[in-house]
Amino acid sequence: MNNKSLSPRSTCVFVPGPVIVGAGPSGLAAAACLKEQGVPSLILERSNCIASLWQHKTYDRLHLHLPKQFCELPLMGFPSDFPTYPTKQQFIGYLETYAEKFGIKPRFNETVKLAEFDSKVGFWRLKCVDKADIVTEFVCKWLIVATGENAEAVVPNIEGVEEFGGCIKHTSLYKSGEEFRGKKVLVVGCGNSGMEVCLDLCNNHATPSLVVRDTVHVLPREMLGKSTFGLSMWLLKWLPMQLVDRFLLIISWLMLGDTSRLGLDRPSLGPLQLKNLSGKTPVLDVGTLAKIKGGDIKVRPSIKRLKLHTVEFVDGRKENFDAIILATGYKSNVPNWLQDESMFSKEDGFPRKPFPNGWKGENGLYAVGFTKKGLLGTSIDAKRITQDIERCWKDEAKHTSAFARSLLLQSNP
Ligand SMILES: Cc1cc2nc3c(=O)[nH]c(=O)nc-3n(C[C@H](O)[C@H](O)[C@H](O)COP(=O)(O)OP(=O)(O)OC[C@H]3O[C@@H](n4cnc5c(N)ncnc54)[C@H](O)[C@@H]3O)c2cc1C
């Protein structure tokens with residue numbers, strides 16, 4: 001890399017290979033695939049470690065939601081002694097070994113604030129700021145966006161939030177129910193995280209209630225002795241999605257009963273069709289439903305407003321709570337830093353083209369991990385991007401060596 005000083009507190013770094021923004025599983029997968037094909041890359045990561053979402057923003061009891069065979073990164077499987085659903089610590093350990101195996105050394109504490117294509121020179125320019133506020137400009141031919149679907153917490157505006165007086169935190173800051181022992185806690189949001197946090201609170205002798213604002217598909221994590229996800233994937237090889245959905249709903253009804261009787265109405269579209277169209281993931285139940293059935297977790301409608309330690313719901317009910325956990329999800333942060341007109345939507349920060357076509361934009365711009373298909377999508381993107389860049393990289397290397405040879409011939413005729 002060639003460094004050129006811009007000012008005492010800013011530097012310009014030319015990166016010969018691709019720059020990858022984000023050292024989560026997606027950034028690591030892209031870097032490993034590129035490395036395997038002889039293409040060096042540089043990862044810029046705002047945090048101080050790899051997989052910061054997993055290391056800093058997830059709760060202690062988290063396991064992979066999907067079986068391990070659907071979550072492995074390219075070129076390296078999980079150790080065979082890992083359980084079907086590895087723990088968060090096991091997953092982090094796997095990613096650390098992965099980074100080590102492929103010699104991936106991200107530049108940590110570098111937040112990309114701006115990236116834009118300089119059409120005059122045909123390169124991307126990235127402005128990064130480190131912890132000491134030192135600005136570095138990185139210049140590269142290929143830019144791979146790997147900042148994830150979960151880059152920033154979504155925190156809803158709730159009326160009266162400043163009056164509540166108790167603890168209000170997003171699940172990204174929740175570690176364990178231990179902190180809430182003996183407390184009445186309201187969990188807002190009934191996705192996989194909200195459901196699992198409720199269960200964790202129950203197991204730690206807190207009293208949780210769950211706000212369910214929307215319809216939701218709850219499926220057993222396993223059915224007929226197989227993982228529901230694996231079984232669905234297998235059935236989709238032979239049957240249309242609508243039929244697989246019908247099958248999943250019948251088995252779910254037999255195993256879990258009618259969830260609408262518990263206040264969890266199902267959407268009109270089936271779980272796979274809904275996931276496919278909107279990206280909304282079905283909840284894979286790990287025991288929360290039994291706690292709802294048993295009355296340990298109460299289901300509540302949307303919040304109307306908050307008052308001192310009191311929540312008023314839209315149905316008029318008022319209840320006291322000590323704390324509120326917002327399991328209200330995450331969003332992409334790409335529109336905040338990437339100047340790009342065509343590839344990413346300004347509205348949601350996802351590629352405009354849906355899977356499997358969202359991985360490539362113009363002028364050497366790529367996206368890995370925005371497929372709404374979890375780590376399986378990450379692997380597919382990383383391999384496609386590598387094939388594409390590798391071709392250009394090898395062509396360029398040929399031109400560069402031909403150019404170097406001609407220079408040599410000129411100087412030594
Ligand atoms: C609780 C939870 C459980 C999940 N379980 C599963 C599962 O079992 N199976 C599955 O397939 N998927 C699962 N997912 C979904 C997803 O596959 C994982 O979250 C995975 O971590 C996504 O990897 P990623 O690298 O795309 O994004 P992230 O892991 O979010 O990594 C993105 C990285 O980019 C960095 N970054 C962001 N902005 C900038 C910037 N401007 N400059 C520099 N760096 C930046 C972040 O700090 C972060 O380290 C889960 C998600 C969550 C939230």
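Residues numbered from 1 in each chain as written. Predicted model: local features only at pLDDT ≥ 70, side-chain atom pairs only at ≥ 80, totals over all residues.

Here's the deal with the sheet that holds strand β8 (residues 143-145)
- If you trace the 4 strands from one edge of the open sheet to the other, you get β4-β3-β8-β23, paired in parallel fashion. Edge strands, defined here as strands with exactly one partner in the open sheet, are β4 (42-44) and β23 (365-367). Taken pair by pair, the neighbouring strands of this sheet meet at an average axis angle of 25°, ignoring direction.
- Bridge analysis of strand β3 (residues 19-21) against β4 gives 3 bridges, and the strand direction is parallel. Paired with V21 across the two strands is L44, which belongs to β4.
- Seen against the sheet, helix α1 (residues 25-36) touches β3, β4 and β8 and runs at an angle of roughly 165° to β3. (Pairing = 2+ DSSP bridges. Helix = DSSP H or I, 4+ residues; strand = E, 2+ residues; numbered from the N terminus. Axes fitted to C-alpha atoms, helices over the stretch in contact; angles between N-to-C directions. Contact = placed C-beta atoms within 7 Å.)

Here we look at helix α6 (residues 241-256)
- In this model α6 runs 22 Å from its N-terminal to its C-terminal C-alpha over 16 residues, within 8% of the 22 Å that 1.5 Å per residue would give.
- For α6, the elements touching its buried residues are β13 (218-220), α5 (228-236) and α7 (271-278).
- At the exit of α6 stands G257, carrying a positive phi of roughly 80°. (Expected span 1.5 Å × (residues − 1).)

Considerations on the pairing of strand β21 (residues 323-326)
- The side-chain alternation of β21 yields two buried faces, one formed by A323 and I325 and the other by I324 and L326.
- Where strand β10 (residues 167-170) meets β21, 4 bridges bridge the pair, whose relative direction is parallel. Looking at β21, one finds that H170 is bridged to L326.
- As judged from the 4 bridges shared by strand β11 (residues 184-188) and β21, these two strands associate in the parallel manner. In the strand pairing of β21, V188 is matched with L326. (Buried ≥ 20, exposed ≤ 12 C-beta atoms within 10 Å, placed from the backbone.)

Quick look at the packing of α6 against α7
- The contact between α6 and α7 brings their axes to 7 Å, and the two run at 130°. As far as their axial angle goes, α7 and α6 are oblique. Of the residues in α7, those touching α6 at M241, Q242, V244, D245 and L248 are P271, L272, Q273 and N276.
- A per-class count over the contact of α6 with α7 returns 5 nonpolar, 3 polar and 1 charged. (Parallel < 35°, antiparallel > 145°, perpendicular 65-115°, else oblique. Nonpolar A, V, L, I, M, F, W, Y, C, P; charged D, E, K, R; others polar.)

Details of the pairing of β11
- In terms of residue burial, β11 counts as a mostly covered element, since 4 of its 5 residues are buried.
- Where β11 lies against strand β12 (residues 207-211), 5 bridges are found, and the strand directions are parallel. By the bridge assignment, V185 is partnered in β12 with P208.
- Crossover connection from β11 via helix α4 (residues 192-203) to parallel β12: handedness right-handed. (Right-handed = clockwise from strand over helix to strand, strands pointing away.)

A look at unusual backbone geometry
- Of the consecutive residues F355 and P356, the connecting peptide bond is found in the cis state with omega at 10°.
- Inspection of the secondary structure puts P356 in the loop between α9 (334-337) and β23.
- Positive phi, close to 65°, is recorded for D133, a residue that is not glycine.
- Classification of D133 as exposed rests on a count of 7 C-beta atoms within 10 Å.
- Positive phi is not limited to glycine here, since H309 has a value of about 50°.
- Structurally, H309 is set in the loop between β18 (303-307) and β19 (310-313).
- Taking the number of C-beta atoms within 10 Å as the measure of exposure, H309 has 15 and is therefore partly exposed.

Some thoughts on the site of the ligand
- Neighbouring the ligand are 34 residues; G22, G24, G148, G369 and G374 lie closest to it.
- Looking at the shell around the ligand, the elements that each hand over two or more residues are α1, α2 (52-56), β5 (111-118) and α10 (374-411).
- Its residues assigned to classes, the shell around the ligand shows 15 nonpolar, 17 polar and 2 charged. (Near = placed C-beta within 6 Å.)

Let's talk about the domain arrangement of the protein chain
- Partitioning the protein chain into domains gives domain 1 (3-151 + 332-411) and domain 2 (154-326).
- Spacing between the C-alpha centres of domain 1 and domain 2 amounts to 32 Å.
- Between domain 1 and domain 2, the contact holds 9 residues from the first and 13 residues from the second.
- For the side of domain 1 that touches domain 2, the per-class residue count stands at 4 nonpolar, 1 polar and 4 charged. (Domains from an automatic or database assignment.)

Let's talk about the sheet that holds β12
- Spatially, β10-β21-β11-β12-β17 is the arrangement adopted by the 5 strands of the open sheet, whose pairing is parallel. Every interior strand has two partners, whereas the edge strands, β10 and β17 (298-300), have only one. Within this sheet the neighbouring strands show an average axis-to-axis angle of 25°, counted without direction.
- Against the sheet, α4 contacts β11, β12 and β21, and its axis sits at roughly 165° relative to β12.

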